[in-house]
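One letter stands for each residue in the lines below.
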Amino acid sequence: MIPSSKKWNIIFLAMSLLLFLYACKQDESKATNHKDNGGSTTEAYEKSSVNEDSTYPSTERIEFFMDSTNIGNKGKSKVELILHRVYNDHFVIIKFYVKETIGKTAGRWLLSDMYYYEGSSMDGLTPIIKDFNNDGYNDITYRSRDAARGGNEVQRLFVYNVENDVLISIVNSEDYPNIEYNKKLDCIEGETYTGSVSTQYLRIVRDSLKLIGEIDYTDDDSMIIKYIQNGKVVEYTAKGDDDLKRRLKEFRPQKTYTAAELKMLED
């Protein structure tokens, strides 16, 4: 016989799951009927404070984002991000559509990929659409959770794959805060703020980010630099020089940007 407390826990979890699935189904219907003006749309819904009143909704849609002109194959790809609350838990649903071009369904959006994740940032989804792998097609990130330190913005990255016309979730993108595309090194760059600053250089390999180099800035204004060469980790220490230590051309000694090059990048 199942103990009474465990029995009620099972019932509660089952009810929560049913409510979440029902909310997803409702939102899929709304998203399908959502007017598409060929652009980006963000809808934020009023957030209710948690209370024990019986009128408090057990599930609600908090935020909705849609883009059909910038993501992936422009004009033929569409992405939707939906932020839900189910009781005190938050879930993000990511839907990726492709536009049918032939047959009786030409012009209709067909659902290609859908992802579910628990949690989100208190600042909302804040999606960013840009090219993260230099293939000419835009990808998307959203702020997935709040980091321990305010300067560390944790994002979940989705990369568009033109060959298969799908949106790929990069499984370890949350491990590297503040990710940006580094045009000079043709890689993704992350920056982590703790007691000091650490910069990670990464490449996309299938559905993951692979670390190819890292710089740790120490308190005595020097850099501990690591990079991969012939399958091995090479590590050395170099003297930091104010702003020149912010970026490296290569993961080798004496290959930092000049002041003029750094200024051009900032401009």
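Presented here is a report on the structure given in the accompanying data block. (Residues numbered from 1 in each chain as written. Predicted model: local features only at pLDDT ≥ 70, side-chain atom pairs only at ≥ 80, totals over all residues. Heavy atoms only, no water.)

Quick notes on the overall build of the protein
Next, step 1: Each helix and strand counted, the protein has two helices and 15 strands in total.
Next, step 2: The 267 residues of the protein split such that 39% are buried.
Next, step 3: Sequence-distant contacts, at least 24 apart, represent 40% of the contacts inside the protein between residues at least 6 apart.
Next, step 4: Of the roughly 15600 Å² that the protein leaves accessible, carbon and sulfur atoms contribute 51%. (Helix = DSSP H or I, 4+ residues; strand = E, 2+ residues; numbered from the N terminus. Buried < 20%, exposed > 50% of the residue type's maximum accessible area, 1.4 Å probe, protein only. Contact = heavy atoms within 4.5 Å. Areas by Shrake-Rupley, 256 points an atom, 1.4 Å probe, with all protein chains shown as cover.)

Quick look at the sheet that holds strand β7 (residues 139–146)
Next, step 1: Pairing within the open sheet is antiparallel, and its four strands lie in the order β6-β7-β8-β9. Of all the strands in the sheet, just β6 (128–130) and β9 (166–169) have a single pairing partner and so form its edges. In this sheet, adjacent strand axes meet at a mean angle of 30° when their direction is disregarded.
Next, step 2: Relative to strand β8 (residues 153–161), β7 is paired through six bridges, and the arrangement is antiparallel. Residue pairing in the sheet places Ile-140 in a bridge with Phe-158 of β8. (Pairing = 2+ DSSP bridges. Axes fitted to C-alpha atoms, helices over the stretch in contact; angles between N-to-C directions.)

Observations concerning unusual backbone geometry
Next, step 1: Even without being glycine, Asp-165 reaches a positive phi, approximately 55°.
Next, step 2: Along the chain, the position of Asp-165 falls in the loop between β8 and β9.
Next, step 3: Here Asn-178, not a glycine, exhibits a phi torsion of approximately 55°, which is positive.
Next, step 4: Its place among the elements puts Asn-178 in the loop between β9 and β10 (180–182).

As for a nonpolar patch on the surface
Next, step 1: Residues Leu-111, Met-114 and Tyr-116 make up a contiguous nonpolar surface patch of roughly 250 Å² in combined accessible area.
Next, step 2: Assignment of secondary structure puts Tyr-116 in strand β5 (residues 109–118).
Next, step 3: With relative accessibility at 39%, the residue Tyr-116 sits in the partly exposed group. (Patch = residues over 30% accessible without salt bridge, like charges linked within 9 Å, V, L, I, M, F, W, Y side chains within 5 Å. Salt bridge = Lys/Arg side-chain N within 4 Å of Asp/Glu carboxyl O.)

Let's talk about the packing of aromatic side chains
Next, step 1: Tallied over the full model, the rule gives six aromatic pairs.
Next, step 2: On the numbers, 6.3 Å between centres and 15° between planes, the contact of Tyr-115 with Tyr-117 is stacked.
Next, step 3: Seen in terms of ring centroids, Tyr-142 and Phe-158 are 6.2 Å apart; in terms of plane orientation they differ by 20°. Their pairing is stacked. Linking Tyr-142 in strand β7 with Phe-158 in strand β8, this pair joins segments that are 16 residues apart in sequence. Here Tyr-142 matches Phe-158 in class, with each residue buried.
Next, step 4: Taken together, the aromatic side chains of Tyr-115, Tyr-117, Tyr-142 and Phe-158 make up a single cluster linked through ring pairs.
Next, step 5: Here the guanidinium or amino end of Lys-78 rests over the ring plane of Tyr-97, the centre of that ring lying 4.9 Å away.
Next, step 6: Taking NZ or CZ as reference, Arg-156 lies 3.6 Å from the ring centre of Tyr-117, over its face. (Phe/Tyr/Trp six-rings, centres within 6.5 Å; stacked < 30°, edge-to-face > 60°. Lys NZ or Arg CZ within 6 Å of the ring centre and 35° of its normal.)

What to know about the pattern of salt bridges
Next, step 1: Evaluation of the coordinates by the stated rule reveals six salt bridges.
Next, step 2: Close ionic contact of Glu-174 with Arg-156 constitutes a salt bridge, the shortest N to O distance being 2.9 Å. Here the residue Glu-174 occupies a position in the loop between β9 and β10, and Arg-156 occupies one in strand β8, the gap between them amounting to 18 residues.
Next, step 3: A single salt-bridge network, built from bridges that share partners, covers Arg-145, Arg-156 and Glu-174.

With respect to the environment of Asp-175
Next, step 1: If you trace the backbone, Asp-175 turns up in the loop between β9 and β10.
Next, step 2: For Asp-175, a relative accessible area of 54% gives the class exposed.
Next, step 3: In this structure the C-alpha to C-alpha distance between Asp-175 and Arg-156, which are 19 residues apart in sequence, comes to 9.3 Å.

Observations concerning the pairing of strand β3 (residues 77–86)
Next, step 1: Among the 10 residues that make up β3, 10 are buried, leaving the element largely enclosed by the rest of the structure.
Next, step 2: Of the two faces of β3, the one carrying Ser-77, Val-79, Leu-81, Leu-83 and Arg-85 and the one carrying Lys-78, Glu-80, Ile-82, His-84 and Val-86 are both buried.
Next, step 3: Bridge count for strand β2 (residues 59–67) against β3 is eight bridges, and the pairing is antiparallel. Note that in β3 the partner of Glu-63 across the bridge is Leu-83.
Next, step 4: Bridge count for β3 against strand β4 (residues 89–99) is 10 bridges, and the pairing is antiparallel. Across the sheet, residue His-84 finds its bridge partner in β4, namely Phe-91.
Next, step 5: In textbook terms, the turn of a hairpin is the stretch between consecutive antiparallel strands, and for β3 and β4 this stretch comprises two residues, one of which, Tyr-87, has a positive phi near 55°.

Functional significance is not addressed by these values, which are geometric in nature.
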